[in-house]
Amino acid sequence: MTIRLTLPITLLAFSLGGCALQETLQSGTDDSCATLKGIVADYPSEFAAFRKSGSDYSAVTIYRAKEELIRGHCEVWAWGNADSAYVCTAGAPDPEVASTRYTQAVAQVSSCLGPEWTLKEGARERDGQTDGVATRFSHQGDAMPVVSIHNIEDRWRRSVYLYIGSPARAF
């Protein structure tokens, strides 16, 4: 299965592990599972409960997140027309750290969301080139967002990101 990213969004991971030389990631919440579930539940209101101050750009408003699954790495993106996403992004110094963060994030999100959510993993494709891998969690319920985790390699940079939002922008 090939997963396509419709916008070149660089967005996060949920994990705290890795080597000593990498940036140490810290949770911005006492209970990451409860926060994740709260963010998912707030999707119909465009994450209004999780927005702080915002910056307007030509096609999007980017808000600082009130509660961050990864301290210092999360935002709410709002494109208008009831289209918003909660995203967290963390860079990685090398492929090993990125892979570890991605694997840990997938395991944690899966355990938090529970069995009602189905999981699909596949290659990410951008501009006809594979640029990483992504795991997408979906739920059959009405007004439920997609939750996806991406491990991206873009030339010299690597990042892992969490996306919670519209299925149209998830890949």
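Here, every reference points to the structure presented above.
Every chain begins its residue count from 1, and numbering advances along the sequence as written. A pLDDT threshold of at least 70 governs which residues receive local features in this predicted model, and a stricter bar of 80 or more applies before side-chain atom pairs are shown or counted, although totals over entire chains, interfaces and linings include all residues. Working from all heavy atoms in the structure, the side-chain values ignore hydrogens and water.

S.K.: Would you explain the packing of aromatic side chains in this entry?
M.R.: Where two aromatic rings form a pair, the distance of their centres and the angle of their planes describe that pair. Classification of ring pairs rests on two measures: the distance between centres of Phe, Tyr or Trp rings, Trp counted by its six-membered ring, which must be within 6.5 Å, and the angle between planes, read as stacked under 30 degrees, edge-to-face over 60 and tilted in between. Tallied over the entire structure, the rule returns 4 aromatic pairs. Plain terms: the ring middles of Phe47 and Tyr86 are 6.5 Å apart, the flat faces sit at 50 degrees to each other, and that makes the pair tilted. Residue Phe47 is found in the loop between helix 1 (32–41) and strand 2 (51–56), and its partner Tyr86 is found in strand 5 (residues 83–92); the two are separated by 39 residues along the sequence. Only protein chains enter the calculation, and the probe is 1.4 Å; a residue is then buried if its accessible area is under 20% of its type maximum, exposed if over 50%, and partly exposed in between. Looking at Phe47, the relative accessible area reads 0%, which means it is buried. Comment: elements are numbered from the N terminus, with helices defined as DSSP H or I runs of at least four residues and strands as E runs of at least two.

S.K.: Looking at this model, I keep getting lost on the nonpolar core. Mind explaining?
M.R.: Most often, soluble globular proteins keep nonpolar side chains buried together rather than apart. Take the buried Ala, Val, Leu, Ile, Met, Phe, Trp, Tyr and Cys residues and link them wherever side-chain atoms come within 4.5 Å; each set so joined is a nonpolar core. Core analysis: the biggest nonpolar cluster contains 31 residues, and Tyr86, Val147, Ile149 and Ile164 have the highest contact counts within it. Elements supplying a minimum of two residues to this core: helix 1, strand 3 (61–65), strand 4 (74–80), strand 5, helix 2 (95–113), strand 8 (146–154) and strand 9 (157–165). Broken down by element, this core gets its largest block of residues, 8 residues, from helix 2. The contact partners of Tyr86, leaving out residues within four places of it in the chain, are Ile39, Phe47, Ala65, Glu67, Glu68, Leu69, Cys74, Glu75, Val76, Leu162, Tyr163 and Ile164. Of all hydrophobic cores here, the second largest spans 9 residues; its members include Val60, Ile62, Val87 and Ile152. Only heavy atoms enter the contact rule, under which two residues are in contact if any of them lie within 4.5 Å.

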